[in-house]
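In case you want the letters, here they are:
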Amino acid sequence: MRTALFTVMLEDTLLDDFMLSMGIAQKGYRIAYTPDAYAVESGSLNMEEEAKRKRRIAAGGWQSISRLLPLLNIFDYGKLSFQYLSHRVLRWSVTPFALFALLPLSIIIGLRHVSPYNVFHIIFVGQVLFYLCAAFGYLNKDKPKVSKLFYIPYYFIFMNVNVVLGIYYLLGNQHRGIWEKSQRK
């Protein structure tokens, strides 16, 4: 990064790397990654530590939405605005709530149209199977040989639950610019 483009972040900023990059892009500069860059990040010690990390990232996502409101103006920022909205804002603000609203809606619609060939019934059954796989994945999360058939649905639900919990993390002022670092393997 050019030294002149560096901006001092507010002390309580949770995702300083993201906010710094978006601030640079907001000024009209291009963010380019070098293929020679090399980084290593080890996994969290366990799912509890991963949950801490996901909540902090989600809280930072919510925080960045409020701090980057001008980027939502597609007339001023065009493609950058679209990318930010579709890749970040919707993922942090709409997706988890839509996900958790889908099951009750599928139950209501699925039970009204009980025919096994009805598309709503198929979607309902698919969703129930997905949540059952997620539940089995959760119950067996500490076992090293859990099939991806169960672990992927569990992790998907886990991620979205932690996005919602990130709101409480942010609103509770638990971060105050400092977060507890997750334990690593």
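Structure: see above.
Note that the coordinates shown come from a computational prediction; the quantities given were computed from them, not determined experimentally.

## A look at the overall build of the chain
Thinking step 1. Regarding its fold elements, the chain presents six helices and zero strands.
Thinking step 2. Overall, the chain is about 65 × 45 × 40 Å in size when its C-alpha atoms are taken along their principal axes.
Thinking step 3. Residues classed as buried in the chain amount to 34% of the 185 residues present.
Thinking step 4. Put simply, 66% of the contacts in the chain that link residues at least 6 apart link residues at least 24 apart.
Thinking step 5. Carbon and sulfur atoms form 65% of the exposed surface of the chain, whose accessible area is close to 12,700 Å².
Thinking step 6. Computing the positive centroid from 21 side-chain charges and the negative centroid from 12, the chain places the two 6 Å apart.

## With respect to a nonpolar patch on the surface
Thinking step 1. Together, Leu105, Ile108, Ile109, Val119, Phe120 and Ile123 make up an exposed nonpolar region whose accessible area comes to about 530 Å².
Thinking step 2. Sorting the residues of the nonpolar patch by element identifies helix H4 (95–112) and helix H5 (119–139) as the ones contributing at least two each.
Thinking step 3. Structurally, Phe120 can be placed in helix H5.

## Concerning the layout of surface pockets
Any empty space left between atoms is shown by rolling a water-sized probe over those atoms.
Thinking step 1. Approximately 380 Å³ is the volume attributed to the second largest pocket.
Thinking step 2. Along its surface, the second largest pocket is lined by Asp17, Phe18, Ser21, Met22, Ala25, Ile31, Tyr33, Leu80, Gln83, Tyr84, His87 and Arg88.
Thinking step 3. Secondary-structure elements contributing two or more residues to the lining of the second largest pocket are helix H1 (16–26) and helix H3 (74–93).
Thinking step 4. The residue inventory of the lining of the second largest pocket, partitioned by class, reads seven nonpolar, three polar and two charged.

## Comments concerning the packing of aromatic side chains
Thinking step 1. Summed over all chains, the structure comprises eleven aromatic pairs.
Thinking step 2. Measuring from centroid to centroid gives 6.4 Å for Trp62 and Phe97, while their planes differ by 70°, and the two rings are edge-to-face. You can see Trp62 sitting in helix H2 (residues 47–67) and its partner Phe97 sitting in helix H4, a full 35 residues away along the chain.
Thinking step 3. Put simply, the rings of Tyr138, Tyr151, Tyr154, Tyr155 and Phe158 touch in pairs and so form one group of aromatic residues.

## Some words on the packing of H1 against H3
Thinking step 1. Interaxial distance between H1 and H3 falls to 11 Å at its minimum, and their mutual angle equals 155°. Considered as vectors, H1 and H3 are oriented roughly antiparallel to each other. Pair H1 / H3 crosses with left-handed handedness. Contact residues: Phe18, Met22, Ala25 and Gln26 in H1; Tyr77, Leu80, Tyr84, Arg88 and Trp92 in H3.

## Comments concerning H4
Thinking step 1. For H4, built from 18 residues, the straight-helix expectation of 26 Å at 1.5 Å per residue is met to within 8% by its first-to-last C-alpha distance of 25 Å.
Thinking step 2. At Leu102, H4 shows its largest kink, close to 30°, and the proline Pro104 lies no more than four residues downstream.
Thinking step 3. Next to the buried residues of H4 lie H3, H5 and helix H6 (148–171).

## Let's talk about the packing of H3 against H4
Thinking step 1. Remark: H3 packs on H4, axes separated minimally by 4 Å, with the N-to-C direction vectors making an angle of 45°. Considering their axes alone, H3 and H4 lie oblique with respect to each other. In this structure, H3 contributes Leu90, Arg91, Trp92 and Ser93 to the contact, and H4 contributes Thr95, Pro96 and Phe97.
Thinking step 2. For the contact of H3 with H4, the class distribution of residues is four nonpolar, two polar and one charged.

Scoring rules and cut-offs
Along each chain, residue indices are assigned from 1 in the same order as the chain's sequence is written. A pLDDT threshold of at least 70 governs which residues receive local features in this predicted model, and a stricter bar of 80 or more applies before side-chain atom pairs are shown or counted, although totals over entire chains, interfaces and linings include all residues. Excluding hydrogens and water, the side-chain figures rest on all heavy atoms present in the structure. Labels follow the DSSP assignment, with helices taken as runs of H or I lasting at least four residues and strands as runs of E lasting at least two, numbered in each case from the N terminus. When a residue's accessible area, from a 1.4 Å probe over protein chains only, is under 20% of the maximum for its type it is buried; when over 50% it is exposed; and in between it is partly exposed. Throughout, a contact is declared for two residues whenever any of their heavy atoms are within 4.5 Å. For accessible areas, the Shrake-Rupley method is used with a probe of radius 1.4 Å. Any residue's cover is judged against the shown protein chains and nothing else. Charge counting follows a simple rule: Lys and Arg are positive, Asp and Glu are negative, and His as well as the terminal groups are ignored. Charged groups are reduced to one reference atom each: NZ for lysine, CZ for arginine, CG for aspartic acid, CD for glutamic acid. Each patch is built from salt-bridge-free residues with over 30% relative accessible area, joining like charges within 9 Å and nonpolar side chains (Val, Leu, Ile, Met, Phe, Trp, Tyr) within 5 Å. The working definition used for a salt bridge is a side-chain nitrogen of Lys or Arg within 4 Å of a carboxyl oxygen of Asp or Glu. We place a 1 Å grid over just the protein atoms. Points where a 1.4 Å probe fits but has no way out form a cavity, open points with protein on both sides within 12 Å along at least 5 of 7 lines form a pocket, and any residue with an atom within 4 Å of a point lines it. Grid points are joined across faces, edges and corners, and a volume is the space filled by probe spheres set on the points. Following the grouping adopted for this structure description, the nonpolar residues are Ala, Val, Leu, Ile, Met, Phe, Trp, Tyr, Cys and Pro, the charged ones are Asp, Glu, Lys and Arg, and the polar ones are all others, Gly among them. Between the rings of Phe, Tyr and Trp (Trp by its six-membered ring), a pair exists once the centres lie within 6.5 Å; its type follows the angle of the planes, with under 30 degrees stacked, over 60 edge-to-face, and the other angles tilted. For every element, the axis is a line fit to its C-alpha atoms; helices are fit only across the contacting stretch, and the angle between N-to-C directions ranges from 0 to 180 degrees. Throughout this description, any angle smaller than 35 degrees is read as roughly parallel, any larger than 145 degrees as roughly antiparallel, any in the 65 to 115 degree range as roughly perpendicular, and the remainder as oblique. Helix crossings are classified by the rotation of the near helix relative to the far one: an anticlockwise turn of less than a right angle makes the crossing left-handed, while a clockwise turn makes it right-handed. Multiply 1.5 Å by the residue count of a helix minus one, and that product is the helix's expected span. Fitting axes to the seven residues that end at a residue and to the seven that start at it, the angle between those axes gives the bend at that residue.

Geometric descriptors of this kind do not, in isolation, establish any biological role.
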